[in-house]
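Structure assessment
Below are the chains, spelled out letter by letter.
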Amino acid sequence: MVAVYGARTYVALFSRFVPCGVWEAVYLIDSLLANESQVRPETVHADTQGQSFPVFGLAHLLGIDLLPRIRNFQDLTFHRPDPQVRYPHIDALFSADPRTCIDWQLIENGWKDLMQVGLSVREGTVSSITLLRRLNNHSHKSQIHRVFREVGRAVRTTVLLRYLSDPQLREQITRATNKAEAYNGYTKWLHFGGDGYLRSRDPELQEKAVKFLDLMANNIIFSTTIDMTDTLRQMAGQGWELSPDDIAALSPHRRDNVLRFGDYDTATLHIPPGPYDSALRLRRDGL
């Protein structure tokens, strides 16, 4: 499942069911474009599976700042803008292989095709899922694949340099991805029926299960947030000093206030139930 969240909220904007063996990156951009809420994320965080060169390239074309948490980023290639360029303090980060340098001429020659693809994806005439699958699986001899890869190289190198040079950006990415992992853990806890597994092989039923789970989770989070806000207001009214930093550390992914199995009255268990009547009788004024 791939879920996209509001940058400063604990609520999932939308989710998609992702088949096993498929990278989340294939569905990430498409989910953003299909978003019908008023929230329009301009910055998107993801884990390692939410990024690749074509995804970085397409996200850049669509005006999306893709800032993933990349596992083992120190092993990734930093691409030089020119084989002759050298940097006094960070040159060791960049590959010494001239074949890994950004081919700006290739990007310039394919820019028209690149923009046509980007506009087609934006307008919905081309599915980003289909496009990214082809870009990820297509032969590297494909011109459009090479252009997207080259743009992705430049964009990802820039993102990696931003990540290394900006402590606040590192904190932002870590905080956002940890929030996403916390949400996934919370929904897994809520999805206790059937041990949390999707039992059906029907894609439509799988999609419904994911969306209904998110709907339930968001409703519980909303209710919990209201309760937490009322409690904080009561505390402030009683003279408690509330620090914004302390409030920012609070999370609505609480479990102690959620009765997953319902609230059952055991006082009447000794009363046997009446006989079950399966007949459906209709009255003129309804059931």
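Residues numbered from 1 in each chain as written. Predicted model: local features only at pLDDT ≥ 70, side-chain atom pairs only at ≥ 80, totals over all residues. Heavy atoms only, no water.

1. A closer look at the overall build of the protein chain
- Scanning the protein chain from terminus to terminus reveals 9 helices and 4 strands.
- Ordered by position from N to C terminus, the α and β elements of the protein chain give β-β-α-β-α-β-α-α-α-α-α-α-α.
- Each of the 287 residues in the protein chain was classed as buried or not, and the buried ones make up 33%.
- Of the contacts made within the protein chain by residues no fewer than 6 positions apart, 63% connect residues no fewer than 24 positions apart. (Helix = DSSP H or I, 4+ residues; strand = E, 2+ residues; numbered from the N terminus. Buried < 20%, exposed > 50% of the residue type's maximum accessible area, 1.4 Å probe, protein only. Contact = heavy atoms within 4.5 Å.)

2. Remarks on the nonpolar core
- Counting residues in hydrophobic clusters, the biggest one holds 27 residues, and the most contacted among them are Ile-29 and Leu-58.
- Contributing elements (two or more residues each) for this core: α2 (53–61), α3 (104–109), α4 (111–123), α5 (128–137), α6 (143–165) and α7 (167–190).
- The element best represented in this core is α6, accounting for 7 residues.
- Every residue in contact with Ile-29, bar those within four places of it in the chain, is listed here: Val-55, Leu-58, Ala-59, Leu-62, Ile-64, Ser-128 and Leu-132. (Core = buried A, V, L, I, M, F, W, Y, C linked by side-chain atoms within 4.5 Å.)

3. Re the packing of aromatic side chains
- Scanning all chains against the criterion turns up 3 aromatic pairs.
- When the ring of Tyr-87 is compared with that of Phe-94, the centres are 4.8 Å apart and the planes differ by 25 degrees; the resulting orientation is stacked.
- The class for Phe-94 is buried, based on a relative accessible area of 7%.
- Arranged with centres 6.1 Å apart and planes meeting at 25 degrees, the rings of Tyr-186 and Trp-189 form a pair that is stacked. In this pair, Tyr-186 and Trp-189 are both assigned in helix α7, 3 residues apart and thus about one turn of the helix distant.
- For Tyr-186, a relative accessible area of 0% puts it in the buried group. (Phe/Tyr/Trp six-rings, centres within 6.5 Å; stacked < 30°, edge-to-face > 60°.)

4. Re the packing of α2 against α6
- Where α2 meets α6, the closest approach of the two axes is 7 Å, and the angle between their N-to-C directions is 85 degrees. If you check the angle between α2 and α6, you find them roughly perpendicular. For the pair α2 and α6, the contacting residues are Phe-53, Pro-54, Phe-56, Gly-57, Leu-58, His-60 and Leu-61 in the first and Phe-148, Arg-149, Val-151, Gly-152, Arg-153, Val-155, Arg-156 and Val-159 in the second.
- A per-class count over the contact of α2 with α6 returns 9 nonpolar, 3 polar and 3 charged. (Axes fitted to C-alpha atoms, helices over the stretch in contact; angles between N-to-C directions. Parallel < 35°, antiparallel > 145°, perpendicular 65-115°, else oblique. Nonpolar A, V, L, I, M, F, W, Y, C, P; charged D, E, K, R; others polar.)

5. Regarding the packing of α7 against helix α8 (residues 203–237)
- Following both chains from N to C, one finds α7 and α8 inclined at 105 degrees, their axes separated by 10 Å at the closest point. Between α7 and α8, the angle is such that the two are roughly perpendicular. Along the contact surface, α7 presents Tyr-183, Tyr-186, Thr-187 and Leu-190, while α8 presents Leu-213, Asp-214, Met-216, Ala-217, Asn-218, Ile-220 and Ile-221.
- Residues that form the contact of α7 with α8 fall into these classes: 8 nonpolar, 2 polar and 1 charged.

6. Considerations on the pattern of salt bridges
- Considering all chains together, one arrives at 8 salt bridges under this definition.
- Between Arg-162 and Asp-65 there is a salt bridge, with its nearest N and O atoms 3.1 Å apart. Of this pair, Arg-162 sits in helix α6 while Asp-65 sits in strand β4 (residues 65–66), and the two are 97 residues apart along the sequence.
- For Arg-162, a relative accessible area of 31% puts it in the partly exposed group. (Salt bridge = Lys/Arg side-chain N within 4 Å of Asp/Glu carboxyl O.)

7. Some points on α4
- Taking 1.5 Å as the rise per residue, α4 with 13 residues should run 18 Å; its terminal C-alpha atoms sit 18 Å apart, in good agreement.
- Turning to α4, its buried residues are Leu-114, Val-117, Gly-118 and Val-121. The buried residues of α4 all sit within an arc of 100 degrees when viewed along its axis, so they share a single face. Exposed residues on α4 whose side chains face more than 90 degrees from its buried face are Lys-112, Leu-119 and Glu-123.
- Positive phi appears at Gly-124, one or two residues downstream of α4, with a value of about 85 degrees. (Expected span 1.5 Å × (residues − 1). Arc of directions from axis to C-beta.)

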